[in-house]
Amino acid sequence: MKKFFPESELIINQDGSCFHLHLRPEQLADRVVLVGDPARVNTVANHFDSVECEVQSREFHTITGTYKGKRITCQSHGIGCDNIDIVMNELDTLANINYATRTERDEHRTLTCVRIGTCGGLQPFTPTGCFVASVKSIGFDGLLNFYADRNNVCDLELEEAFKKHMAWDPIKGAPYVSVADAALIDQIAQDDMVRGYTISCGGFYGPQGRVLRANIADPKQNEKVESFEYDGMRICNFEMESSALAGLASLLGHRAMTCCMVIANRYAKQMNTEYKNSIDTLIAKVLDRI
């Protein structure tokens, strides 16, 4: 018997759209470009040859259209892994649940999701302006730990090595390591993006080692992060969404990865606040390659 999803779990609006995104199943393309800033959806859609539909609800802004013959949905998710939890679960319902019967569809539909973001570089080889592809993401947020089978989609050996290196305080909750789709990484990153590990933080200030008026628990956190190496790779950047995206996509049977433009280099203490003028280059690369 097919699994049935009651109203309290699968919330469908009166117009037949999913609760937060306000999208209907027919409005979702198989290729999905994810961005944090709702305004950046327009920047992506400016490249489209045609626009099919546009929907906006809160921070969730969606435009579906065509680019060089490819049907693509551009979806904003706002800031943080908690928002990725909403976006990935609702996109999956649109793809794999029959809204009329509230049951799973007979055939699984796989989405290809590429997040275009900004990040802080952590190494001398990740200067401002470079592009980083997140091969594996270390989640400080704890989100995936609430899902069964998280161990089946995480790199458990890397988790343990990282916790040991950091002398991890369990009061922070257990970090998890999600893995991006390897074939999608090759497809998008090619030979002009830095590949490495990413840390997804549960905040912009303390969790990323920034000190303003409130001191942080581990003043040497960033030094330890920068020196960590495993299987020939280093932690390249801080951002706030890639761990949940890769982890949930793996659990739900989708392909996903994150690529970011470095707008601050914590190692060199540099910041580019005018990044919005240059991220269009990364957008064009992703649209051509997705």
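These lines cover the structure that appears in this document, whether it is placed above or below. Since the model is a prediction, treat every value here as computed from it, not as a measurement. Within each chain, residues carry numbers counting from 1 in the order of the written sequence. Given that this is a predicted model, residues contribute local features only at a pLDDT of at least 70 and side-chain atom pairs are listed and counted only at 80 or more, while totals for whole chains, interfaces and linings are drawn from all residues. Just so you know, side-chain values use all the structure's heavy atoms and leave hydrogens and water out.

### Looking at the packing of helix α2 (residues 81-96) against helix α7 (residues 242-252)
This is how it is decided: Fitted lines through C-alpha atoms serve as axes, helices being fitted only where they are in contact, and the angles separating the N-to-C directions of these axes extend from 0 to 180 degrees. Helix numbers and strand numbers start at the N terminus; a helix is a DSSP run of H or I with at least 4 residues, a strand a run of E with at least 2. For classification purposes, an angle smaller than 35 degrees is called roughly parallel, one larger than 145 roughly antiparallel, one from 65 to 115 roughly perpendicular, and anything else oblique. If you view the pair so one helix is near and one far, a crossing is left-handed when the near helix is turned anticlockwise from the far one by less than a right angle, and right-handed when it is turned clockwise. Throughout, a residue-residue contact means that at least one pair of heavy atoms, one from each residue, lies within 4.5 Å. For this classification, Asp, Glu, Lys and Arg are treated as charged, while Ala, Val, Leu, Ile, Met, Phe, Trp, Tyr, Cys and Pro are nonpolar and the rest, including Gly, are polar.
It is at 9 Å that the axes of α2 and α7 come closest, and there the two elements cross at 25 degrees. By the angle class used here, α2 and α7 are roughly parallel. Crossing handedness for the pair α2 and α7: right-handed. Contacts between α2 and α7 involve C81, I84, D85, M88, N89 and D92 from the former and S243, A244, L245, L248, A249 and L252 from the latter. Within the contact of α2 with α7, the residues separate by chemical class into eight nonpolar, two polar and two charged.

### Quick word on the state of the cysteines
Here a disulfide denotes one covalent bond, and it connects the sulfur atoms of two cysteines. To keep things clear, this is the line we draw: Disulfides are defined in this document as cysteine sulfur pairs within 2.5 Å. Throughout, exposure labels follow a simple rule: accessible area from a 1.4 Å probe, protein chains only, divided by the maximum for the residue type, with under 20% read as buried, over 50% as exposed, and the rest as partly exposed.
The final tally for this structure, using the stated rule, is zero disulfides. Considering cysteine sulfurs only, C18 is the nearest to C53, which forms no disulfide, with 12 Å between them. With no disulfide partner, C81 has as its closest neighbouring cysteine sulfur the one in C201, 9.1 Å distant. Among the residues examined, C81 registers a relative accessible area of 5% and is labelled buried.

### Quick word on the packing of aromatic side chains
To be explicit about the condition: For this analysis, a ring pair means two rings from Phe, Tyr or Trp (six-membered ring only for Trp) whose centres lie within 6.5 Å, classed as stacked if their planes differ by under 30 degrees, edge-to-face if by over 60, and tilted for the remaining angles.
With the rule as written, the count across this model stands at five aromatic pairs. Centroid distance F140 to W168: 5.1 Å. Interplanar angle 55 degrees. Geometry classified as tilted. On the criterion of sequence distance, the pair formed by F140 in the loop between β8 (131-139) and α3 (150-153) and W168 in the loop between α4 (156-166) and β9 (176-179) is long-range, its members being 28 residues apart. The exposure class of W168 is buried, given its relative accessible area of 14%. Here F162 and F228 contribute two aromatic rings whose centre-to-centre distance is 5.4 Å and whose plane-to-plane angle is 90 degrees, an arrangement assigned as edge-to-face. Placement of the pair is F162 in helix α4 and F228 in the loop between α6 (221-227) and β11 (229-230), with a sequence separation of 66 residues. Taking relative accessible area as the criterion, F162 reaches 0% and is therefore assigned buried. Residue class for F228 comes out buried when judged on its relative accessible area of 3%. What links up through ring pairs into an aromatic cluster is the set F140, F162, W168 and F228.

### Some words on the pairing of strand β12 (residues 233-239)
As a reminder of what qualifies: Between any two strands, pairing holds if DSSP finds at least two bridges.
With five of seven residues buried, β12 lies mostly within the body of the structure. Note: strand β10 (residues 194-200) against β12, four bridges, orientation parallel. Paired with S200 across the bridge in β12 is E239. Between β11 and the antiparallel strand that follows it, β12, lie two residues; D231 among them carries a positive phi value of about 55 degrees.

### What to know about unusual backbone geometry
Positive phi, normally seen in glycine, also occurs at A167, with a value near 50 degrees. Considering the arrangement of structural elements, one finds A167 in the loop between α4 and β9. Residues other than glycine seldom take positive phi values, yet Q190 does so here, at roughly 45 degrees. With respect to the secondary-structure elements, Q190 resides in the loop between α5 (182-189) and β10. Judged by relative accessible area, Q190 falls into the partly exposed class, the value being 38%.

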